[in-house]
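An overview of the molecular structure
Chain by chain, the residues run as shown.
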Amino acid sequence: MTDLTFKTMGQQFGRRSWAEPWKIKMVEPIEVIDREARERALEEGGYNTFLLRSADVYIDLLTDSGTSAMSDRQWAGIMMGDEAYAGSRNFYHLEEAVQTYYGYRYVVPTHQGRGAEHLISQTVIKSGQYVPGNMYFTTTRLHQELAGGVFVDVIIDEAHDPASLYLFKGNVDLDKLEALIEQVGADNVAYVSLAGTVNMAGGQPVSMANVRALRKVCDKHGIRIYLDATRMVENAYFIQQREEGYADKSIAEILLEFCGYTDGAWMSAKKDNLVNIGGWLAVNDRDLFDALRNMVVVYEGLHTYGGMAGRDMEALAIGIVEGVQDDHVHSRVGQVLYLGELLTDWGIPIVHPVGGHGIFLDAKGFYPHIPQDQFPAQTLAAELYLDSGVRGMERGVVSAGRDPKTGDHRYPALELTRLAIPRRVYTQAHMDVVAESIKSVYDGREQTRGLKMVYEPQYLRFFQARFERV
Ligand SMILES: Cc1ncc(COP(=O)(O)O)c(C=O)c1O
C-alpha cells in the first residue's frame, strides 16, 4: 500500500478505527449565531453560560446531565408509561434494574440527584457531624451542610494537581480519613461520601483496591459508605482499562463488585443512566429505607414515583441496562479521549489523565495573569462562547462558593472550565470544531481580561451569578 497523506484517526494511532455502536434516526437542527449576536447574548447573560438561551448556543457542552440522546427502545418505553399514582408497573422495572445492576436491596425514586442527596443528608447526618469525601460536589456538599454536616476533603493530593498522571486520582487518602476519625471520633462521622468518578477533579476514577481498603477502614470504625453513583459506570470502565485483574471483566460485573463495598448510593440518573430527568436512592439497610421512604413522600412524591412520571421511570429502567454495555461506554469515553488527545498534542493545558465525561481546561494555565478572584475559569467559558458559540461551564472559585464560617470565597487549587460531552449526541466533527475553538482562545490568551462578580445568589452561586469585565 502507498503511504497515505490523509489518515483516519485509527491510522494516526497505528490501529483500526472504531465507531459508535448506534446510527442516527432523528436529528435536531442547530445553528450558529454571528459573533456580534454572541457578544450581545453574553452581556445579557451576565457572562454566565448558565444564563444563555440554548438557541444562542452552537455546540452545547455545558453539562452531560440530562442531555443524552435516548434510544428508540427508551422512546418506546415512554409510550408504555403507567401513570397510576401508586404502584406503577414502571417503578417495579426501575427497582429491578437498580437491584440487578447496582446490587442494592431497597430503591427510592427521586426527581433527580439532588432530591436523593437531600433525603439521605437529612436522614443520616446529625447536626455537627463530619462527612469525609473524595472532593466536594456542589449540590452534594450543600445538602450535607444544610443538614448540619461539615464536609472534609479526604481525596489524595494528586487530585488537586491537574498535571499529575496518576491513574486513580479519585482515590480516598486513607491516612487523611484515619486522621479525621482519630481527631473527631467515629461517632462524629456521619458516613463516608464516596463519588465515582469525581466530577470536580475532572472525572477521575476510584480504584477497586481503594474502595476495598476503604471498606476495611470503615468496618473497623463502624462507619458507613454511601456512593454518589452518578458516573460510576464510567468509573467501572476505567477500572477495566487500568486496574490489574479487571481487563476481562465486563463493566456490569465491575460495577456490581464496586457497589458491593458500599452501603447504598444516590444517583443523578441524568448522566450514566441515559435519561433526561430522574434519580434514585438505594440502600441495603431496611430501617434506613423505611425512613427514606417516609421522607420521599414529603419532598418528592409517593415512594413508587418520587417526582417522576411513569414513562420517565420506564425510560430510566431501560437506560440503566443500555448504559452498562461495554461498547457504549467505550465509545462514550473514547469520544472524550479523542478531544483530549487533540488538545494534549497541541500543548493546551487540561486536566490529565482525561476523565470520563468531559475535558477540563486548566484556566490557571491559560491565564496566569488573571488572579483567581477575577474568575479565570468563568472568563475562559465566556471567551470560548464568544469565539465559536461552544458552551462550557466554570468549575473553580465560583462553583466552590463561600466558606459558611468565614464568608470568604473558597479558593480551590483547581480552577477549571469544563466541557462536558453529552452521551450519544455529537459527532467527531463537532469535537474537531470544539478543539479548534479552544486553540483559537488559547492563542489569544494574553489579551484576555478577567471578570468581576456583580450579582451573587446565596446558594449554588455558579448557576445564577452575574459578571462584568474588569
Ligand atoms: C457528581 C454529581 N453528583 C450529584 C449531582 C446532582 O444531580 P442532579 O443535577 O440530577 O440534581 C451531579 C449533577 O451534576 C453530579 O455531577
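Summarised in this report is the structure supplied together with it.

Conventions and cut-offs
Residues numbered from 1 in each chain as written. Predicted model: local features only at pLDDT ≥ 70, side-chain atom pairs only at ≥ 80, totals over all residues. Heavy atoms only, no water. Axes fitted to C-alpha atoms, helices over the stretch in contact; angles between N-to-C directions. Helix = DSSP H or I, 4+ residues; strand = E, 2+ residues; numbered from the N terminus. Parallel < 35°, antiparallel > 145°, perpendicular 65-115°, else oblique. Contact = heavy atoms within 4.5 Å. Nonpolar A, V, L, I, M, F, W, Y, C, P; charged D, E, K, R; others polar. Disulfide = S-S within 2.5 Å. Buried < 20%, exposed > 50% of the residue type's maximum accessible area, 1.4 Å probe, protein only. Near = heavy atom within 4 Å. Polar contact = N/O pair within 3.5 Å; in protein donor to acceptor, adjacent residues only side chain to side chain. Areas by Shrake-Rupley, 256 points an atom, 1.4 Å probe, with all protein chains shown as cover. Salt bridge = Lys/Arg side-chain N within 4 Å of Asp/Glu carboxyl O.

1. Side note on the packing of helix H4 (residues 89–102) against helix H10 (residues 251–259)
Two elements in contact, H4 and H10, have axes whose closest approach is 7 Å; the angle formed by their N-to-C orientations is 90°. Between H4 and H10, the angle falls in the class roughly perpendicular. In this structure, H4 contributes Thr100, Tyr101 and Tyr102 to the contact, and H10 contributes Ala252, Leu255, Leu256 and Cys259. Within the contact of H4 with H10, the residues separate by chemical class into six nonpolar, one polar and no charged.

2. Notes on the state of the cysteines
Summed over all chains, the structure comprises zero disulfides. With no disulfide of its own, Cys218 has Cys259 as its nearest cysteine by sulfur position, at a separation of 15 Å. Using a relative accessible area of 1% as the deciding quantity, one classes Cys259 as buried.

3. A word on the site of the ligand
The environment of the ligand is made up of 13 residues, and the closest members are Gln112, Arg114, Asp228, Ser268 and Lys271. Note that an oxygen atom of the ligand is positioned 2.7 Å from one of the side-chain N or O atoms of Arg114. Between an oxygen atom of the ligand and a side-chain N or O atom of Ser268, the distance comes to 2.6 Å. Alone, the ligand offers 390 Å² of accessible surface; in the complex the protein occludes 94% of this. For the shell around the ligand, the leading source of residues is helix H5 (residues 113–124), giving three residues. When the residues that make up the shell around the ligand are grouped by side-chain class, the tally is one nonpolar, six polar and six charged.

4. Digging into the pattern of salt bridges
One pass over the full model with this rule turns up 25 salt bridges. Notably, a salt bridge pairs Arg423 with Asp64, separated by 3.0 Å at the nearest N-O pair. Here Arg423, found in the loop between strand S10 (416–420) and helix H17 (428–443), pairs with Asp64, found in the loop between helix H2 (35–44) and helix H3 (72–78); they are 359 residues apart in sequence, far enough to count as distant. By relative accessible area, Asp64 is classed as buried at 0%. Here Glu83 makes a salt bridge to Arg311, at a shortest N to O gap of 3.3 Å. Separated by 228 residues along the polypeptide, Glu83 in the loop between H3 and H4 and Arg311 in helix H12 (residues 310–323) bring together distant segments of the chain. Classification of Glu83 as partly exposed rests on a relative accessible area of 43%.

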